[in-house]
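In case you want the letters, here they are:
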Amino acid sequence: MTTTLFYLFSAILIFAALRVVTAKSAVHAAIFLILAFFTTSALWLLLEAEFLAITLVLVYVGAVMVLFLFVVMMLDVNHAALREGFTRYFPAGALVAATIVFEMSLVVGGRYFSSDKFTLTSSHGADYSNTKALGEELYTVHLFEFEVAAAILLIAIVAAIGLTFRRRSESESRKQSIPDQHSVVRRDRVRLLDVASEERKFSLEKQSEETKS
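Residues numbered from 1 in each chain as written. Predicted model: local features only at pLDDT ≥ 70, side-chain atom pairs only at ≥ 80, totals over all residues. Heavy atoms only, no water.

The subject of this paragraph is the overall build of the chain. Scanning the chain from N- to C-terminus turns up 11 helices and zero strands. Element order for the chain, N to C, with α for helix and β for strand: α-α-α-α-α-α-α-α-α-α-α. Here the chain holds 213 residues, and the buried ones make up 12% of them. Accessible area for the chain stands at about 18400 Å²; split by element, carbon and sulfur atoms hold 66% of it. (Helix = DSSP H or I, 4+ residues; strand = E, 2+ residues; numbered from the N terminus. Buried < 20%, exposed > 50% of the residue type's maximum accessible area, 1.4 Å probe, protein only. Areas by Shrake-Rupley, 256 points an atom, 1.4 Å probe, with all protein chains shown as cover.)

Have a look at this one:
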């Protein structure tokens, strides 16, 4: 049954991945990418990687892809203009695609991922914690790589924040003025109305207009 589920989910994943790059609508491509994430999560569940599976669903499907989907739906993309330069950029795109395929074939080849490199273990017991095992592996064996990745992400965050601090004119600036906010009084911002008196005033004005007419 596990083998059957593996081939079923793999077929769905390959179909969804192909539709991501072949769908004409960006919204359809994003929806197929969500399907690919869910199917990948199911494959990780078969490999007893529950933590990675739920992280993929919560982070990528629940946050990132939903954000992408809303952004794509709100953008008015002119698809005709995007297809105008297809023949002009096709050689460069084909070269990049061929380079990626060549690099992936070197990494995912039999030299590194053959069956003799891995030993299949039996199912773990009920007290086995995938999260604990992943944490021990990440913070002991791969601690240096984890710290390097954290440093790269920190640099990326600082760079993204720095790009937003460009010089702007006073008319474009929306900075808060704390002294002006503290000096505000209620009579300048709030006007209290007597609803009953306003209704009587409105009725009198209406009666006077009817009398004149």
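What follows picks up the thread again.
Moving on, we get to the nonpolar core. Listed in full, the seven residues of the largest apolar core are Ala 30, Ile 34, Phe 37, Leu 56, Val 61, Met 65 and Leu 69. Counting only elements with at least two residues in this core, the list comes to helix H2 (26-46) and helix H3 (50-74). Looking at this core element by element, the count peaks at four residues for H3. (Core = buried A, V, L, I, M, F, W, Y, C linked by side-chain atoms within 4.5 Å.)

In this section: the environment of Ile 31. For Ile 31, the location among the structural elements is in helix H2. Sequence separation between Ile 31 and Val 20 is 11 residues, and the spatial gap between their C-alpha atoms is 8.2 Å.

For the rest of this paragraph, the subject is the packing of H3 against helix H7 (residues 130-141). Contact pair H3 / H7: the axes reach a minimum separation of 7 Å and the direction vectors enclose 95°. The angle between the axes of H3 and H7 places the two elements in the roughly perpendicular class. Listed contacts from H7 to Glu 50, Phe 51 and Leu 52 of H3 are Asn 130, Thr 131 and Leu 134. Here the residues of the contact of H3 with H7 sort into three nonpolar, two polar and one charged. (Axes fitted to C-alpha atoms, helices over the stretch in contact; angles between N-to-C directions. Parallel < 35°, antiparallel > 145°, perpendicular 65-115°, else oblique. Contact = heavy atoms within 4.5 Å. Nonpolar A, V, L, I, M, F, W, Y, C, P; charged D, E, K, R; others polar.)

A rise of 1.5 Å per residue sets the reference length of H2, with its 21 residues, at 30 Å; its end C-alpha atoms lie 31 Å apart and thus fit the reference within 8%. Listed as buried for H2 are Ala 29, Ala 30, Ile 34, Ala 36, Phe 37, Thr 39, Thr 40, Ser 41, Ala 42 and Leu 43. Structurally, H2 contributes buried residues whose contacts are with helix H1 (2-22) and H3. Directly beyond the C-terminal end of H2, a positive phi value near 65° is found at Glu 48. (Expected span 1.5 Å × (residues − 1).)

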